[in-house]
Amino acid sequence: MSLIAGGQARRRQILLWNDWSLMKKTLLALSLALIAAAPAAAQAAEPLAIGHRGASGTRPEHTFASYDRAIELGADYIEQDLQLTKDGVLVVMHDTTLNRTARGAAENCTGAVDSKTLAQIKTCSAGSWFDPAYADEKIPTLEEVFQRYGKSVNYYIETKAPEQADHMEERLLAMLDQYGLREPAVSEWQVLIQSFSADSLKKIHAIDPRLPLIQLGDSTDAHLPAIAQYAVGSGPAYGGVDAAYVSAAHALCVDVHPYTVNDTAAMQRLLDAGVDGMFTNYVDRLNGLLGDRNAPGRQGALDAKAAHDACMARFAQGPIGGTVGSQLSLTLGAPASFGAFTPGLALDYVATTTATTTSTAADTALTVSDPSATATGHLVNGAFALAQPLQVRAQSARGTSGAYGPLGAPILTYAGPVSGDVATVSFRQPIAADEGLRSGSYDKQLTFSLSTTTP
Ligand code: G3P
Ligand code: CA
């Protein structure tokens, strides 16, 4: 596999097959009861009240006043839309421009968010457009949101216009890591990540396939199988959502969270259709309808996660039978590329590929190593090498993985046979702001190998 930054010319791919001769061929006739997949007809958890831009019906959207109020009203999640400033800071704002919801000096508070520095944006009021009483509200950074609420609430975060924002996904995941929210996102659904951009969600899925993702924007049954490949839920506009759509989604263990529902009659229609939650500017209205079915706060997310897991477990009981030959094979995905490194910007760049493993061995380990004798473990550009070594990890549904580490050590192990397990192999390259970067391509040819101690 060739890792390349800033160029295509030297991109190459190495595919290694590590075969072994079995001491004996084992033919094992299995006689097992076949269990047909029987997905749930409906998810079991209570519907989630998602505070759309906070409590934006009665407070200026995406301000602390709005989030505080949504939490007071019993929101299960508070929503953040992300934009990126000119100097690379994630801020919480719906629009790509400041015009609608920011007030202040025109040079700082009008125009595209990504044309302003954070210092400029912080001069603006985020509340006076809504009501002078909220003139002191500022546009929060995502970090400030995490600092204010910590792990006491659930976050529903949207990558907005991610195709225009440099490494928005990586910056989001880095912020989750910094505030210890990635693992609670995985294990407790404390963070759900949403986007209209399937590419953005697939990028996140490639980096960490465990993260719960919500695909926004589609309410047609035909797209559900594709969504189910990388997302745990669908967030369509509510007008197109009916019981048939919810049923089709649930048959694939896809939760349904329509947006943005402010009318109680529409809320009730959607609850009757079986949705798993909804975005609303008026959390109190939804919770009023839910009554005893309201599970506020962290418990709502935990219940939703448990219901989803139970649904997926039914799928996991697929049919199996027949005889078993011997095989150990590894197939690599497309070459991983970091894209362009930006001088002067401290950032952990992330690139991914896939490694698909089939093994009939009792144990199997996947290792990525650097066979070169010079600048071992570092990306090189002619005579120049990056200061910090390349880091690697792999994650899959069936393998046991660890954190990012240096090349050369096992990154994924299987404690039993595995067939067609697709692991996401992620490479991380830290670059310091003061690191000198030589123009051209930094790359490395790496060796992927499978090994076993018990063939
Ligand atoms: O994210 C759900 C809903 O908020 C999508 O619409 O435009 O309000 O972000 P929008
Ligand atoms: Ca949104």
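The written sequence of each chain sets the order in which its residues are numbered from 1. Chains and ligands are labelled by the order in which they are written, letters from A for the one and numbers from 1 for the other. In view of the model being predicted, local features appear only for residues whose pLDDT reaches at least 70, and side-chain atom pairs are presented and counted only at 80 or more, with totals across whole chains, interfaces and linings using the full set of residues.

Concerning the overall build of the chain
Selection rule: In this text, helices come from DSSP runs of H or I with a minimum length of four residues, and strands from runs of E with a minimum of two, each type numbered from the N-terminal end. Exposure criterion: with C-beta atoms placed from backbone coordinates, a residue whose C-beta has 20 or more other C-beta atoms within 10 Å is buried, one with 12 or fewer is exposed, and one in between is partly exposed. In this description, a residue-residue contact is defined by the distance between C-beta atoms placed from the backbone, which must lie within 7 Å.
A count of helical and extended segments in the chain gives twelve helices and 23 strands. Of all 455 residues assigned to the chain, the portion counted as buried reaches 42%. Contacts in the chain between residues far apart in sequence, at least 24 positions, make up 66% of those at least 6 positions apart.

A few points about the site of ligand 1
Counted only if it meets this: Being near a molecule or strand means, for a residue, that its C-beta atom, positioned from the backbone, comes within 6 Å of it. Here the term charged refers only to Asp, Glu, Lys and Arg, the term nonpolar to Ala, Val, Leu, Ile, Met, Phe, Trp, Tyr, Cys and Pro, and the term polar to all other amino acids, Gly among them.
Around ligand 1, the neighbouring residues are His52, Asp81, His94, Glu158, Gln194, Leu216, Gly235, Tyr259, Thr260 and Phe279. When its residues are assigned to classes, the shell around ligand 1 shows three nonpolar, five polar and two charged.

Focus on the nonpolar core
So the rule is basically this: The term nonpolar core refers to a group of buried residues, namely Ala, Val, Leu, Ile, Met, Phe, Trp, Tyr and Cys, whose C-beta atoms join them within 7 Å.
Of all hydrophobic cores here, the largest spans 78 residues; its most connected members are Ala75, Ile78 and Met278. Sorting elements by how many residues they give to this core places helix α1 (residues 64-72) first, with five residues. Grouped together as the second largest cluster of nonpolar side chains are 23 residues, Ala351, Leu379, Leu390 and Phe448 included.

Section: the sheet that holds strand β20 (residues 410-414)
Put simply, the test is: Note: two strands are recorded as paired if DSSP finds a minimum of 2 bridges between them.
One open sheet holds the four strands; their spatial order is β18-β20-β14-β23, and the pairing between them is antiparallel. Strands at the two margins of the open sheet, each flanked by one partner only, are β18 (400-401) and β23 (447-451). Sheet analysis places strand β14 (residues 364-369) next to β23, joined by five bridges and oriented antiparallel. Bridging across to β23, Thr367 finds its partner in Ser449.

A look at the pairing of strand β7 (residues 213-216)
The alternating pattern of β7 places Leu213 and Gln215 and Ile214 and Leu216 on opposite faces, both of which are buried. Note: strand β6 (residues 191-195) against β7, three bridges, orientation parallel. If you follow Ser195 over to β7, its bridge partner there is Gln215.

What about the sheet that holds strand β17 (residues 391-395)?
Spatial strand order, β11-β13-β21-β17-β19: five strands in an open sheet with antiparallel pairing. Since the sheet does not close on itself, it has two edges, and those belong to β11 (328-332) and β19 (405-406), each with one partner. Sheet analysis places strand β13 (residues 347-359) next to strand β21 (residues 418-431), joined by twelve bridges and oriented antiparallel. Across the sheet, the residue bridging to Val350 is Arg428, located in β21.

Some thoughts on unusual backbone geometry
Of note, the phi angle at Arg53 is positive, near 60 degrees, even though the residue is not glycine. The phi torsion at Ala375 lies on the positive side, around 50 degrees, for a residue other than glycine. Relative to the helices and strands, Ala375 is located in the loop between β14 and β15 (380-381).

Brief notes about the pairing of strand β3 (residues 77-84)
For β3, a buried count of eight out of eight residues is recorded, marking the element as mostly surrounded by other parts of the structure. In this structure, β3 lies alongside strand β4 (residues 90-92), joined through three bridges in antiparallel fashion. Looking across to β4, one finds that Leu84 is bridged to Leu90. Between β3 and β4, which follow one another and run antiparallel, lie five residues, and Gly88 among them has a positive phi close to 80 degrees.

Focus: the confidence of the model for the chain
Our working rule: What pLDDT reports is the predictor's confidence in each residue, on a scale of 0 through 100.
Put simply, the chain has an average pLDDT of 88, and 88% of its residues get 70 or more. Counting contacts from residues 1-43, a segment whose pLDDT is below 50, to residues more than four positions away or on other chains yields 109 contacts.

A short note on the environment of Ala306
Looking at the secondary structure, you find Ala306 in helix α12 (residues 298-316). Taking the C-alpha atoms as reference points, Ala306 and Ser187, separated by 119 residues in sequence, lie 9.5 Å from one another.

Observations regarding the environment of Leu289
Locating Leu289 in the fold gives a position in helix α11 (residues 283-290). By the C-beta count within 10 Å, which is 17 here, Leu289 ends up partly exposed. In this structure the C-alpha to C-alpha distance between Leu289 and Leu271, which are 18 residues apart in sequence, comes to 9.2 Å. Excluding residues within four positions of it along the chain, Leu289 makes contact with Thr264, Met267, Gln268 and Leu271.

Focus: the environment of Asp218
As for its placement among the helices and strands, Asp218 is situated in the loop between β7 and α8 (224-227). Each C-alpha atom, one on Asp218 and one on Ala237, is 7.4 Å from the other, the two residues being 19 residues apart in sequence. Not counting residues within four places of it along the chain, the set of residues in contact with Asp218 comprises His223, Ser234 and Pro236.

Observations regarding the packing of helix α10 (residues 264-273) against α11
Between two packed helices, the angle of one axis relative to the other and the distance separating the axes together describe the packing. Where we set the bar: Orientation is described by lines fitted to C-alpha atoms, with helices fitted over the stretch in contact, and by angles between N-to-C directions that extend from 0 to 180 degrees. For classification purposes, angles smaller than 35 degrees are called roughly parallel, those larger than 145 roughly antiparallel, those between 65 and 115 roughly perpendicular, and all remaining angles oblique. It is the rotation of the near helix from the far one that decides the hand of a crossing: anticlockwise by less than a right angle makes it left-handed, clockwise makes it right-handed.
For the pair α10 and α11, interaxial distance at closest approach is 10 Å and the crossing angle is 50 degrees. In terms of axis orientation, α10 runs oblique to α11. Once α10 is placed against α11, the crossing between them reads as right-handed. Taking contact as the criterion, the partners of Thr264, Met267, Gln268 and Leu271 in α10 are, on α11, Arg285, Leu286 and Leu289. Counted by class, the contact of α10 with α11 contains four nonpolar, two polar and one charged residues.

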